[in-house]
Amino acid sequence: MSEKASTRTTAAKKLLLGSSAMIAGMCFSAPAYAQSGDNAADDTIIVTARKRAESIYETPTAVSSLTAATLQERNISNIEDVGKHVPNLNISRYGVGNASQAAIFIRGIGLQDHIITTDPGVGVYLDGVYLGRQMGSNLSLINIERVEVLRGPQGTLYGRNAIGGAVNIITSKPDGEEGAIINARGGSRGRAAIDIYGQSSLTDNFAIGVSSYFKRRSGVGDFLLLPNPEARIGEEKEYGGRVTANWDVTDRFSLLFAVDGMESEGGQSPYQIEITGGIDPASNFTPGTAIEDRPDPFIGDFPALQPDFPTDLTPFGFPQLIATNPDDSLSTVAGLESTSNSTWGGSVTANLDLSENVSSKVIASYRFSEYTGGLDDDESPLNLSEFPENGEAEQISVEWQLSGQVGRLDFIGGLYYFHEEGFTFSGPFVFSPFNAPGQIDNFGVPFDLGFPTGLGEFDLNQTTDAYAVFGNIKYNLTDQITIGGGLRYSDDNKDADALFPSFGGTRVFREASFEELTWDANISYAVSDRVNLYAQAQKGYQTGGFPPRPFGGPDQFVSFDEQTAINYEVGLKGPITDQLTVLLSAFWTNYTGLALPFSDTTAGGGFVTIVENAGESRSRGVELEADLELVEGLNIRTAVGYLDNEIRSVEPGTIGIGVGDSQALTPEWTLSVAPTWRVPLSNGGSILFAADYSYRSEMFGQSINNPNELIDSRDLLGFSIDYESPDGSWTFGVYGENVANEVYDVGRLQQTGFVGIVRSNDRSEFGARLTKRIGGL
């Protein structure tokens, strides 16, 4: 692995040097996005969802914007928390027990897998840089200006793998002010966290900002059968930082440098199994019986056969399979109890004003990530299914933009290049019947079925090169009517190779290419200065790829095609009255060539993750975000989403998926209610009372709507009370997260005889926090 990683790093460095040379040679840029003084006065929300600064009320697409103040009020500390407060957004994880993964679903589109050959359906962007991997995308939100969530296909400006939408994370930049901000927090479950941000002007035209953070929390469960576990279940420990430098080289040319890194070490995500098969009490299983002579105690995935199926199998010769406390584990596999994730990267953004109305930008970036994790799928002492795993990915991206305004015409266009190399490796794994020679179970019997050497490991590698050219315009027909549209051509090329136990010791190589022309068209009508109606149609695209776990043999390691979506949407945005602001959208989306990953426990001798272009699906729904000021200082912010999602047609031969099934991890209803009340005090200070409620209705863990994979609805409630000093230099408060300590499922996966369940890790937490501001921040 080290030689492979070294080769990739050398290639990446060459690409990064080439990108830097491109910036130096072109020196192109666009002006920095900033909120004008007028907008600050009337509280207009400025977003860059269309890669240009504009009011959220004028953007003809469904977009939510969470400011730094909102993140604080609702105790939002990472991307997973964002998924609790945006309509028709659901964020889950299953990724080998590693909480660094974020499986993001918007309007029914997303992907919960993380293997290198799979791509997300929702794009995550950090300061304009696309993050290609799901693992590591559950970023901690430190020193954030705002988070934007775009719902619906974003095929023109964002391109590949934004068929469900996009999440934009915009960090704070040094603006020349001298000062620092210190945030500290301590609470129950061993919570301790601190983050520090400071910025300074080294010269009149060069400013630097530095942030760093550390956070930890104790675990929620224990590995009862491991003598010296490396971590507790659900344990969290993470630290990281970011350095940003803003250099105004001339009045027309500027450079923005950023370097960031993060390291996390934690315990496995809370996980348990739920037995769905029956047991044959007449099996008379005796420990020590040769494996080929053992009767299979699981007689099918039909709970009706044995409705009173016992979890205690000790009378039948088995040890206890399920821990009494579902947060504990009975796994005996050392090394799976801890996970890690390391991510770092850098970017250079070069800006040049070509004229008063035309500007250009280049964003060049390099990023690297690596992780370890794994799950004992059966979560028992039986050693039936264990998958330790590690992987890494590195990427280079370069984007050039040309934007400007000529009369009534506003335009942006550009070129994009993305290169990624990475691997996923698992081994030595145990997977009946693909067991490594010499594997010993906990009854002292070898799991040696005579398969060739090499069984018990799999290795996937992939290289991706993606190119795109895009353009987008908007034109003011009149003072009230604006039309717009855009085109994007995307070309993706993937080279993959795999070695699996069923491949007979031969590494299999595959390559595939995908291309698509995506578009959007929109029209908006200004009802008043700040209220707009809009209608739009847009086409999105998700690249094809290769299946992540083709245990059934080389014939399963074949590419699946790209999928597309066409979305029709209408909406109303703006302050309806002085007290009520509304963001309302209604949509209808048709998906073609729908690529559905699902697990088939009947193929390939046990468990195969297959990806099929299963046919077509439809999503339709309504989304409402409202901010109501009841009296001065008392506001209620609400986000409601309704989604009717179903698979409308299925290709012949598709396994398991049926017409009428809903797509995975797609709740019908999403709801968030967040009242805030700021009470001024006689000394000039104030107290802010805030509460937040989040609801997600029931959903299925996979697109095959197996009742065993039904995830129940959940309700979460939090609060905060913060005192702000008269001069605003410090704030002290108390908070509570998930105050009712609701424990819920975030993933359910049917396997042979049982369902694997990933449980929530955001347990109840109560604590105090302090913010200190120094200087002009």
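The structure presented is a predicted model; accordingly, all values stated were derived computationally and were not measured.

**Q** Account for the overall build of the chain, naming residues and giving values.
**A** When helices and strands are tallied, the chain shows four helices and 40 strands. Split into buried and exposed, the 777 residues of the chain put 57% on the buried side. Sequence-distant contacts in the chain: of pairs separated by 6 or more residues, those separated by 24 or more amount to 68%. Just so you have it, the chain exposes about 29,700 Å², and 57% of that area is on carbon and sulfur atoms.

**Q** If you had to explain the sheet that holds strand β7 (residues 129–131) to someone new, which residues and values would you point to?
**A** Taking strand neighbours across the sheet as the criterion, the five strands line up as β3-β8-β9-β6-β7 in an open arrangement whose pairing is mixed. Two strands close off the open sheet at either side, each with one partner strand: β3 (62–67) and β7. Taken pair by pair, the neighbouring strands of this sheet meet at an average axis angle of 20°, ignoring direction. Pairing of β3 with strand β8 (residues 144–151) involves six bridges; the strand directions are antiparallel. The partner of valine 63 across the bridge, within β8, is leucine 150.

**Q** Any details on the sheet that holds strand β15 (residues 271–275)? Residues and values, ideally.
**A** Within the open sheet, the three strands sit side by side as β15-β39-β38. Their pairing is antiparallel. The sheet is open, and its two borders are formed by β15 and β38 (745–751), each paired with just one other strand. With direction set aside, neighbouring strand axes in the sheet form an average angle of 25°. Taken together, the six bridges between β38 and strand β39 (residues 754–759) define a ladder with antiparallel strand orientation. Looking at the pairing, glycine 747 lines up with valine 758 of β39.

**Q** Account for the pairing of strand β14 (residues 253–267), naming residues and giving values.
**A** Relative to β14, strand β13 (residues 236–248) runs antiparallel, the two being bridged by eleven bridges. Bridging across to β14, threonine 244 finds its partner in alanine 258. Linkage of β13 to β14, two consecutive antiparallel strands, is achieved through a turn of four residues. The sheet contact formed by β14 and strand β16 (residues 338–353) spans 15 bridges and is antiparallel. Looking across to β16, one finds that glycine 266 is bridged to threonine 339.

**Q** So what about the confidence of the model for the chain? Which residues, and what values?
**A** Taken as a whole, the chain shows an average pLDDT of 84; of its residues, 82% reach a score of 70 or greater. Here residues 1–42 scores under 50 on pLDDT; set against residues more than four positions off or in separate chains, the count is 74 contacts. A low-confidence stretch, residues 433–455 stays under pLDDT 50, and its non-local contacts, those more than four residues away or across chains, total 59 contacts.

**Q** Pulling in residues and values, what's your account of the nonpolar core?
**A** Core analysis: the largest hydrophobic core is formed by 22 residues, its most contacted members being Ile79, Val82, Leu89, Ile104, Leu141, Val167 and Ile169. Those elements giving two or more residues to this core turn out to be α4 (79–82), β4 (89–92), β5 (103–106), β6 (122–126), β8 and β9 (165–171). Once residues lying within four places of it in the same chain are set aside, the contact partners of leucine 141 are Leu71, Ile76, Ser77, Asn78, Ile79, Val82, Val147 and Ile169. Within the second largest apolar cluster, 19 residues are counted, among which are Ala49, Leu150, Phe418 and Ala466.

**Q** So, the pattern of salt bridges: which residues are in play, and what are the values?
**A** Across all of its chains, the model carries 41 salt bridges by this definition. Among the ionic pairs, arginine 507 bridges to aspartate 497, the shortest N-O distance being 2.7 Å. Note that arginine 507 is positioned in the loop between β23 (481–499) and β24 (508–526) and aspartate 497 in strand β23, a separation of ten residues in sequence.

**Q** Provide a residue-level description of the side chain of serine 360, including the pertinent values.
**A** With respect to the helices, strands and loops of the structure, serine 360 is situated in strand β17 (residues 358–376). Reaching out from serine 360, the side chain makes a polar contact with the side chain of tryptophan 400 at a distance of 2.8 Å.

**Q** Just give me the short version of the packing of aromatic side chains, but keep the residues and values in it.
**A** All told, the structure shown has 15 aromatic pairs when counted by the stated rule. Look at tyrosine 130 and phenylalanine 418: their rings are 5.6 Å apart centre to centre, the planes differ by 70°, and that puts the pair in the edge-to-face class. In this pair, tyrosine 130 sits in strand β7 while phenylalanine 418 sits in strand β19 (residues 409–426), placing the two residues 288 residues apart along the sequence. One exposure class covers both tyrosine 130 and phenylalanine 418, and it is buried. Ring geometry for tyrosine 642 against tryptophan 669: centres 4.9 Å apart, planes inclined by 50°, an arrangement best described as tilted. Of the two residues, tyrosine 642 sits in strand β31 (residues 634–650) while tryptophan 669 sits in strand β32 (residues 669–680), which places them 27 residues apart along the sequence. Tryptophan 669 gets classed as partly exposed once you look at its relative accessible area, which sits at 41%. Directly above the ring of tyrosine 158 sits lysine 51, whose terminal nitrogen or CZ lies 5.2 Å from the centroid. Lying across the ring of tryptophan 588, arginine 618 places its NZ or CZ 5.5 Å from the centre.

**Q** Can you explain the environment of aspartate 497? Please cite residues and give values.
**A** For aspartate 497, a relative accessible area of 14% corresponds to the buried category. The sequence separation of aspartate 497 and asparagine 461 amounts to 36 residues, and the corresponding C-alpha distance is 5.4 Å. Here arginine 507 takes part through its side chain, which lies 2.7 Å from a polar atom of the side chain of aspartate 497.

**Q** How would you summarise the environment of asparagine 90 if you had to cite specific residues and measurements?
**A** Here asparagine 90 shows up in strand β4. By relative accessible area, asparagine 90 is classed as buried at 8%. Those residues within four positions of asparagine 90 in sequence are excluded, and the remaining contacts are Gly83, Ala103, Ile104, Phe105, Leu665, Pro667, Arg696 and Met699. One polar contact links the side chain of asparagine 90 to the main-chain carbonyl oxygen of leucine 665, over a distance of 3.3 Å.

**Q** Got a sec to walk through a nonpolar patch on the surface? Specific residues and values, please.
**A** Where nonpolar side chains cluster on the molecular surface, the patch consists of Trp677, Phe689, Ile721, Trp730, Phe732, Val734 and Leu770 and spans about 600 Å² of accessible area. A total of three residues in the nonpolar patch trace back to one element, the largest contributor, which is strand β37 (residues 730–737). For tryptophan 730, the position within the fold is in strand β37.

**Q** Explain the pairing of β39 to me, and be specific about the residues and the numbers.
**A** With six of six residues buried, β39 is to be regarded as a mostly interior element. Burial along β39 is two-sided: Phe754, Gly756 and Val758 facing one way and Val755, Ile757 and Arg759 facing the other are all buried. Relative to β39, β15 runs antiparallel, the two being bridged by five bridges. For isoleucine 275, the partnering residue across the bridge sits in β39 and is phenylalanine 754. Once β38 ends, the chain turns through two residues before running back antiparallel as β39, passing glycine 753 with a positive phi of about 90°.

**Q** Can you break down the environment of glycine 413 residue by residue, with the values?
**A** Counting through the fold element by element, glycine 413 comes out in strand β19. Along the backbone, glycine 413 and leucine 487 are 74 residues apart, and their C-alpha atoms lie at a distance of 9.3 Å. When neighbours within four sequence positions are excluded, glycine 413 is seen to be in contact with Trp400, Gln401, Leu402, Phe470 and Gly471.

**Q** Talk me through unusual backbone geometry; I want residue IDs and the actual numbers.
**A** Here glycine 427 and proline 428 are connected by a cis peptide whose omega angle stands at -5°. The residue proline 428 is located in the loop between β19 and β20 (430–431) in this model. Phi at leucine 665 is positive, roughly 55°, even though this residue is not glycine. Note on placement: leucine 665 falls in the loop between β31 and β32.

Definitions and limits used
Residues numbered from 1 in each chain as written. Predicted model: local features only at pLDDT ≥ 70, side-chain atom pairs only at ≥ 80, totals over all residues. Heavy atoms only, no water. Helix = DSSP H or I, 4+ residues; strand = E, 2+ residues; numbered from the N terminus. Buried < 20%, exposed > 50% of the residue type's maximum accessible area, 1.4 Å probe, protein only. Contact = heavy atoms within 4.5 Å. Areas by Shrake-Rupley, 256 points an atom, 1.4 Å probe, with all protein chains shown as cover. Pairing = 2+ DSSP bridges. Axes fitted to C-alpha atoms, helices over the stretch in contact; angles between N-to-C directions. pLDDT = per-residue confidence, 0-100. Core = buried A, V, L, I, M, F, W, Y, C linked by side-chain atoms within 4.5 Å. Salt bridge = Lys/Arg side-chain N within 4 Å of Asp/Glu carboxyl O. Polar contact = N/O pair within 3.5 Å; in protein donor to acceptor, adjacent residues only side chain to side chain. Phe/Tyr/Trp six-rings, centres within 6.5 Å; stacked < 30°, edge-to-face > 60°. Lys NZ or Arg CZ within 6 Å of the ring centre and 35° of its normal. Patch = residues over 30% accessible without salt bridge, like charges linked within 9 Å, V, L, I, M, F, W, Y side chains within 5 Å.

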